[in-house]
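# A structural walkthrough
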Amino acid sequence: MNGEAIYEQLRDRFPDKVSETRGQGPLKCVYVKPEAIEEVLIALRDQETLGFRHLSFISGIDLKEAIEVAYGLISYSLKVLILLKVTLDHENPTVRTVSHIFSAANWHERETFDLFGVKFEGHPDLRRLLLPEDWKGHPLRKDYKEEPFYHEMPTTREPLLGRS
Amino acid sequence: MWYLLFSPACCAIELMQTGGPRTDLDRFGMVFRATPRQADVMIVGGTVTYKLAERVRLLYRQMSEPKYVIAMGSCANSGGLFQKSYSVLKGIDLVVPVDIYIPGCPPRPEALCEGLLRLRKKIMGEDWGAIAAAREPRLKGQPAGEMAD
């Protein structure tokens, strides 16, 4: 079974919760409604014939008009990676956590919160993962503005040779 | 001259090599110390983020005078490859005073060895009394709590 067949199966099983597939080659993905993400991940993990037991990554994408969260799942029995995406509101991106389905999601969701400001509802400990706790803003968002100073340390420097 | 056994990132590999048999810092009487209280020189080898910069400054303050800093590699000099990043400090000299800059990404062990020898030459030519007198107001201006951090 290849990725395409799995997307077909998902669309058949959740016709009103999974929308069209987009992209080409290994970057092909299926869009899931944000409120259905838990349900779909449980189905992918627990169905014996699929066996997506490994959550490879969770990451964010800023499209300016919306924020997407991408979930990469790997099935070791089928040797295939599939990509699921949810589209969220740009101003207040909120989605249910999946850390109770895949415990690996815990830190991935914290990282996505740290860099994109996506709020994962029901997450047990949604703190910043990489940046300092008093950091302002979420730096991988397109509308992020860098502060001129962090703790009195300048965030810019003069070019040494007059070139930038 | 004893250097601090500390390095933030990958230049540390070259730092370890410099202590190895080819360049062999031991023959100059340079050995590492695992505590800043006993170290004379801090070799900052690697990318310093803002989060880490505060730790670097803390280590520098814990060293006893006279103390020296070597900025090893592009990242410590100017932020290097990561200078457009939101979280990387654009040169360690924005946080602690630097005596010797060593270019390279990473600098070869020979380059670090040369840097340490240049630093030794610089120290030999120093009028320590005058420097201590010049540094005195700065030390007095620093509150005791900040020194202990």
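Everything numeric here is computed off the predicted structure, so don't read it as measured data. (Residues numbered from 1 in each chain as written. Chains lettered and ligands numbered in written order. Predicted model: local features only at pLDDT ≥ 70, side-chain atom pairs only at ≥ 80, totals over all residues.)

### Some points on unusual backbone geometry
In this structure, the amide linkage connecting B:Glu65 to the following residue, B:Pro66, adopts the cis form with an omega of -5°. Along the chain, the position of B:Pro66 falls in the loop between helix 2 (50-62) and strand 4 (68-72). Cis geometry is adopted by the peptide bond preceding B:Pro106, which originates at B:Cys105 and carries an omega value of -5°. By the secondary structure assignment, B:Pro106 is in the loop between strand 5 (100-102) and helix 4 (109-124). Positive phi, close to 70°, is recorded for A:Lys64, a residue that is not glycine. Its 9 C-beta neighbours within 10 Å are what place A:Lys64 among the exposed residues. (Helix = DSSP H or I, 4+ residues; strand = E, 2+ residues; numbered from the N terminus. Buried ≥ 20, exposed ≤ 12 C-beta atoms within 10 Å, placed from the backbone.)

### Quick notes on helix 1 (residues 11-19) of chain B
What sets the pattern is the α-helix's 3.6 residues per turn: residues three or four places apart point alike. All names here are of chain B. Looking at helix 1, one finds that the buried residues are Cys11, Glu14, Leu15 and Thr18. Projected onto a plane normal to the axis of helix 1, the buried residues spread over an arc of 105° and lie on a single side. Residues of helix 1 that are buried in the fold lie against strand 3 (41-45), strand 4, helix 3 (73-78) and helix 4. (Arc of directions from axis to C-beta. Contact = placed C-beta atoms within 7 Å.)

### Regarding the interface of chain B and chain A
The interface of chain B with chain A comprises twelve residues on the first partner and eleven residues on the second. In terms of residue count, helix 2 of chain B provides more of the side of chain B that touches chain A than any other element does, four residues in total. Residue composition of the side of chain B that touches chain A, grouped by class: six nonpolar, three polar and three charged. (Nonpolar A, V, L, I, M, F, W, Y, C, P; charged D, E, K, R; others polar.)

### A few points about the sheet that holds strand 1 (residues 18-22) of chain A
Residue and element names in this part refer to chain A. Reading across from one edge, 1-2-5-4-3 is the order of the five strands in this open sheet, with mixed pairing throughout. Both edges of this open sheet fall to strand 1 and strand 3 (54-62), since each of them pairs with a single strand only. Geometrically, the sheet is characterised by an average inter-axis angle of 25° between neighbouring strands, direction not taken into account. As judged from the eight bridges shared by strand 3 and strand 4 (residues 66-75), these two strands associate in the antiparallel manner. Paired with Leu55 across the bridge in strand 4 is Leu73. The sheet strands contacting helix 3 (residues 105-116) are strand 3 and strand 4, and the helix crosses strand 3 at an angle near 10°. (Pairing = 2+ DSSP bridges. Axes fitted to C-alpha atoms, helices over the stretch in contact; angles between N-to-C directions.)

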